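The primary structure of each chain is shown beneath.
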Amino acid sequence: MALEQLYDMLQRCQVLADDSFKPEDYEQFQSAGRACLERGGAAQVLEVVQDEKNKAIVRSMGWNLLGPLVQVILQKDEKSLQHCLSIFAHLLDVCSPKELLVGLLEQVEDADPDKIAETISLLLPPLQSVLLKLGDKKAASVGMALSTILNQLSRLPVPYTREQEEDDAHGLCRCCAALPGFVGPLVEEAKQTRPGGRGAELRTELLKFCMKSLREPLLQAQLGDDPDSPADSPLRRFASQILATLLSLGESLPHLLFHHVLKKKAETGFLEEDARYSRESLACLAYLLFVQRAAIDRFPAVFSPVFVLRCNMQYVDILLSRTEESRVSKGLDLYEQSLVRTEDGSLPVELLELRVFLSVPQNLVKVMTLCPIPHLRTKGLAVFQLSIDKLDMEAKYKFFRCLLKTSHHAGVEGYIIKNIKNQIDFALKPGNGSVWFSGAQLLPLLRSVLTLPEGPETDLLQNLDRVMESLNLLRYLLIRDKEWDNQTGIWTELYKIEENYLKPLRTGLNMSKAHYEAELKSTKEIKKLKGQKESRPVCTVTVGNEKLPNMTPEMQVQVLHSALFTFDLMESVLTRIEEIIEVKVKP
């Protein structure tokens, strides 16, 4: 029936001129042709399209068969496959390139979610052929085609492990491997055109493709040197090919990456919303260049390590401000590699006047304290210490003061105080004098350290790291800095420290111990009264609005004992400090 309808339509239209075809003719040709293809009549349809008498009809209407043809080809029916491929090739040869482009891109856009990679792999060669036929005005069509392809690829999961990359279950790696070959002839064409001409538009579209590829999928891909990332992985090869394409298009890597520092005024085309220069894409480019060392031989060696660090900081900030493992990992690696090239103590305090040199440490603190992935927290702490080591003395001093005010995390504050102790120790050694970590300059920093956030009411368990490190620092100063030398000024400041820190801390310790001892006694009495029912939950704990499993009396007793042990440890250090003061100050 469908074949008869197709023949009727052909006989009626064979005598008409190309511009006389009616909408209903197109509709009947498409519906009858689709029905024939879907019912196994591909051989008859092939005869129809190859018949010279139907040449004008096929040239005008043939592209409407692309949809059913692609569906049948993807089904890989052996009886119809070869005939459908022949029909497909014939349509590509005789139909209008513009209409073919629209039809092919419709198939890419409408691809079944489970067959996105198969559809793209099938249609890349014909799409390339069609685009190359469009002549000098192909730039917009190229941009539309590349954008459609990348939008569909962004729907595919990015492989995370080596095994996933090798299996390539969703076909992303296969498609990425094919894309450089797809754009290769277009890149060559753009290279051969004169700057400022139509070739500039084509070059712009290809540049957009490269930058969008850097953002998706490469920014999400695991490209680092770890056991799950092979040295010659498909996605790493794709990344190298994207950089090679940028260089072929005449892009300057320093101009791309460092434009925001090299140029004071904004320049057309370097707006954040411009797809050519997305900051996330540039962050991935910086990672590939300085961490993966891709195309590093094409990067000039004239830039100082401090300048490169300054330029990369905005990209580190972008990556560390996210929560996805792939971005955070790349941010840590880029920050580390940017730091290791600078000398210890070489970063001047003027850099802290740049907003990004304070926002990066704040984002790094979030990684160290909030990231749920242990190895990233560990890496974050190592990079944090590395960043401290690279600052000069004045920069360290001001950085420590800033972090003590802004981190709001006892563990981070404790770590900063430990660093302060190390810097004082270094300054007190012969020949290492520092105006920032001794004498009058040091006292404001010590006042920031030797304080309780809420006086005697401070939660000492929650602030354990900070309190213990501050006590250790004070004990060190009282032993290391003799009262007759007073290099740090600690003995001049001692009466204030006793009044504003040690006495409130002693009061807080006594209150906390009394409270927890009473809780322990009450819990033990409840346990005795309940007899054999002591295993029933009696205590509920809530953390971050999330209710944790109930605590049995045994668990509660264990927690209370642990808290009291902590208070005893804190008290032992405090008592030792009080003894030192009593021996050295009082006759």
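Data block above holds the structure.
In short, a report on the structure. (Residues numbered from 1 in each chain as written. Predicted model: local features only at pLDDT ≥ 70, side-chain atom pairs only at ≥ 80, totals over all residues. Heavy atoms only, no water.)

Secondary structure assignment for the protein yields 25 helices and two strands. Of the roughly 28900 Å² of accessible surface on the protein, a fraction of 51% belongs to carbon and sulfur atoms. (Helix = DSSP H or I, 4+ residues; strand = E, 2+ residues; numbered from the N terminus. Areas by Shrake-Rupley, 256 points an atom, 1.4 Å probe, with all protein chains shown as cover.)

Moving on, we get to the nonpolar core. L206, L214 and I424 are the most contacted members of the largest nonpolar core, which totals 178 residues. At eleven residues, the largest contribution of residues to this core is made by helix 25 (residues 553-585). Apart from residues no more than four positions distant in its own chain, I424 is found in contact with F437, L442, L446, L473, Y476, L477 and T488. (Core = buried A, V, L, I, M, F, W, Y, C linked by side-chain atoms within 4.5 Å. Buried < 20%, exposed > 50% of the residue type's maximum accessible area, 1.4 Å probe, protein only. Contact = heavy atoms within 4.5 Å.)

Moving on to the pattern of salt bridges. According to the stated counting rule, one finds 24 salt bridges in the structure shown. Here D425 and K429 are joined by a salt bridge, their closest N and O atoms 3.7 Å apart. For the salt bridge of E578 with R506, the shortest nitrogen-to-oxygen distance reads 2.8 Å. Pair noted here: E578 is in helix 25 and R506 is in helix 24 (residues 490-530), with a separation of 72 residues, a long-range link. Judged by its relative accessible area of 29%, E578 falls in the partly exposed class. By relative accessible area, which is 19% here, R506 ends up buried. (Salt bridge = Lys/Arg side-chain N within 4 Å of Asp/Glu carboxyl O.)

On to helix 20 (residues 393-406), then. If you check helix 20, its first and last C-alpha atoms are 20 Å apart, about what 14 residues at 1.5 Å a residue would give, namely 20 Å. Considering only its buried residues, helix 20 is in contact with helix 18 (356-370), helix 19 (374-389), helix 21 (410-428), helix 22 (442-449) and helix 23 (464-480). H408 sits one or two residues past helix 20 and shows a positive phi near 55 degrees. (Expected span 1.5 Å × (residues − 1).)

Further remarks concern the state of the cysteines. Taken as a whole, this structure holds zero disulfides when the rule is applied. In this structure C173 is not part of a disulfide, and its nearest cysteine sulfur, from C176, lies 6.5 Å away. (Disulfide = S-S within 2.5 Å.)

This part covers the side chain of D333. As for its position among the elements, D333 is in helix 17 (residues 325-340). Every residue in contact with D333, bar those within four places of it in the chain, is listed here: Y287, V291 and K379.

This paragraph deals with the packing of aromatic side chains. For the structure on display, the rule yields 14 aromatic pairs. Summarising the aromatic geometry, the rings of F303 and F307 are spaced 5.4 Å apart at their centres and angled 15 degrees between planes, so their arrangement reads as stacked. Judged by relative accessible area, which is 22%, F303 ranks as partly exposed. An aromatic cluster is present here, built from F384, Y397, F399, F400, Y415, W436 and F437 joined pairwise through their rings. Geometry around Y287 places K330 over its ring, the cationic atom sitting 5.3 Å from the centre. Note that K421 overlies the ring of Y476, its terminal NZ or CZ placed 4.9 Å from the centroid. (Phe/Tyr/Trp six-rings, centres within 6.5 Å; stacked < 30°, edge-to-face > 60°. Lys NZ or Arg CZ within 6 Å of the ring centre and 35° of its normal.)

It is the contact of helix 11 (residues 172-192) with helix 13 (residues 234-248), at a shortest axis distance of 10 Å, that shows an interaxial angle of 10 degrees. By the angle between their directions, the pair helix 11 and helix 13 is classed as roughly parallel. Residues C173, C176, L179, P180, V187 and K191 of helix 11 pack against P234, L235, F238, Q241, T245 and S248 of helix 13. Class assignment for the residues of the contact of helix 11 with helix 13 results in eight nonpolar, three polar and one charged. (Axes fitted to C-alpha atoms, helices over the stretch in contact; angles between N-to-C directions. Parallel < 35°, antiparallel > 145°, perpendicular 65-115°, else oblique. Nonpolar A, V, L, I, M, F, W, Y, C, P; charged D, E, K, R; others polar.)

On to the environment of C284, then. Mapped onto the elements of the fold, C284 is located in helix 15 (residues 279-290). Overall, the relative accessible area of 0% leaves C284 in the buried class. Distance in space between the C-alpha atoms of C284 and A239 is 9.6 Å, their sequence separation being 45 residues. Apart from residues no more than four positions distant in its own chain, C284 is found in contact with L214, L218 and L219.

Below, the discussion takes up the packing of helix 19 against helix 21. Between helix 19 and helix 21, whose axes approach to 12 Å, the crossing angle comes to 35 degrees. The two elements helix 19 and helix 21 meet at a crossing, and its hand is right-handed. Of the residues in helix 21, those in contact with L381, F384, Q385 and I388 of helix 19 are Y415, I416 and N419. Of the residues that constitute the contact of helix 19 with helix 21, the class distribution is five nonpolar, two polar and no charged. (Left-handed = near helix turned anticlockwise from the far one by under 90°.)

Checked against the element boundaries, A35 lands in helix 2 (residues 23-38). Since its relative accessible area comes to 14%, A35 is described here as buried. As a C-alpha pair, A35 and P68 span 33 residues in sequence and 8.6 Å in three-dimensional space.

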